[in-house]
Amino acid sequence: MYLFKSKVCQNLWKWMIETDTVSISWQFMMVWLVGTARLDPGLNGKVGRLAVLYPYRRKGVGRRLMSFLHQSAWDMGLSEVWCHAQLSAQGFYTQLGYTKEGAVFQEAGIDHITMRCVRN
Ligand SMILES: CC(C)(COP(=O)(O)OP(=O)(O)OC[C@H]1O[C@@H](n2cnc3c(N)ncnc32)[C@H](O)[C@@H]1OP(=O)(O)O)[C@@H](O)C(=O)NCCC(=O)NCCS
């Protein structure tokens with residue numbers, strides 16, 4: 001989502017069109033750029049970088065991404081995952097079984113809260 005708006009991405013598109021690689025890359029991007037999420041086992045299962053492209057939201061993509069991430073965490077032997085959730089996404093994490101912890105804090109000028117999900 002953020003990448004699409006960036007100068008780097010504009011230059012990448014220009015290069016792909018000029019070099020005729022756009023058809024291959026489009027298929028690649030259709031698969032890869034609908035959503036993104038990251039699991040950091042080094043930080044005891046911290047989830048981050050979660051975003052779904054605007055037109056694909058509220059269609060279950062975020063839930064599927066998180067389901068994959070959770071299964072990966074359990075497969076690694078982790079018993080819980082956690083995140084710094086933007087307040088606007090708190091309801092999403094609650095739907096997935098996360099509970100909030102502690103007080104609201106600011107990260108990059110945005111209100112966040114720590115949320116945790118324990119394996120059933
Ligand atoms: C948060 C985000 C990843 C959710 O992805 P999504 O694909 O729209 O979520 P899903 O469609 O899988 O929704 C799963 C459930 O959560 C609910 N939900 C989704 N976003 C929600 C929100 N912002 N607040 C409350 N509930 C939400 C859905 O209604 C759905 O519930 P249901 O199954 O009962 O219908 C997406 O809205 C997004 O990219 N937001 C901008 C970036 C962002 O805020 N990232 C998180 C930073 S911590």
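Shown above is the structure to which this text applies.
Residues numbered from 1 in each chain as written. Predicted model: local features only at pLDDT ≥ 70, side-chain atom pairs only at ≥ 80, totals over all residues. Heavy atoms only, no water.

Peer 1: Just checking my understanding: could you explain the overall build of the protein for this structure?
Peer 2: Each helix and strand counted, the protein has 5 helices and 5 strands in total. Its helices and strands in sequence order give the protein the pattern α-α-α-β-β-α-β-α-β-β, from N to C terminus. Per-residue burial over the protein gives 26% buried out of 120 residues. When contacts within the protein are restricted to residue pairs at least 6 apart in sequence, long-range pairs at least 24 apart make up 49% of them. Surface summary for the protein: the accessible area is close to 8500 Å², and the carbon and sulfur share equals 57%. (Helix = DSSP H or I, 4+ residues; strand = E, 2+ residues; numbered from the N terminus. Buried < 20%, exposed > 50% of the residue type's maximum accessible area, 1.4 Å probe, protein only. Contact = heavy atoms within 4.5 Å. Areas by Shrake-Rupley, 256 points an atom, 1.4 Å probe, with all protein chains shown as cover.)

Peer 1: I would appreciate a short explanation of the pattern of salt bridges in the present structure.
Peer 2: When charged atoms on two side chains of opposite charge get close, those side chains can pair. Taken as a whole, this structure holds 2 salt bridges when the rule is applied. Here Arg116 ties to Glu80 by a salt bridge, and the two come within 2.7 Å at their closest N and O atoms. Of this pair, Arg116 sits in strand S5 (residues 110–118) while Glu80 sits in strand S3 (residues 80–86); the two residues are 36 residues apart in sequence, bridging distant segments of the chain. A relative accessible area of 28% places Glu80 in the partly exposed class. (Salt bridge = Lys/Arg side-chain N within 4 Å of Asp/Glu carboxyl O.)

Peer 1: Would you explain the sheet that holds S3 in this entry?
Peer 2: Strand pairing in a sheet relies on backbone hydrogen bonds, with the paired strands running either antiparallel or parallel. The mixed open sheet is built from 5 strands, whose spatial order is S1-S2-S3-S5-S4. The sheet is open, and its two borders are formed by strand S1 (35–40) and strand S4 (99–107), each paired with just one other strand. For this sheet, the mean inter-axis angle between neighbouring strands, taken without regard to orientation, is 25 degrees. As judged from the 7 bridges shared by S3 and S5, these two strands associate in the antiparallel manner. Its bridge partner being in S5, Gln86 is matched across the sheet by His112. (Pairing = 2+ DSSP bridges. Axes fitted to C-alpha atoms, helices over the stretch in contact; angles between N-to-C directions.)

Peer 1: Just to check I follow, could you spell out unusual backbone geometry for this structure?
Peer 2: Even without being a glycine, Arg58 presents a positive backbone phi close to 60 degrees. Mapping Arg58 onto the fold places it in the loop between strand S2 (46–52) and helix H4 (61–75). In this structure, Ala108 is a non-glycine residue whose phi angle is positive, near 55 degrees. For Ala108, the location among the structural elements is in the loop between S4 and S5.

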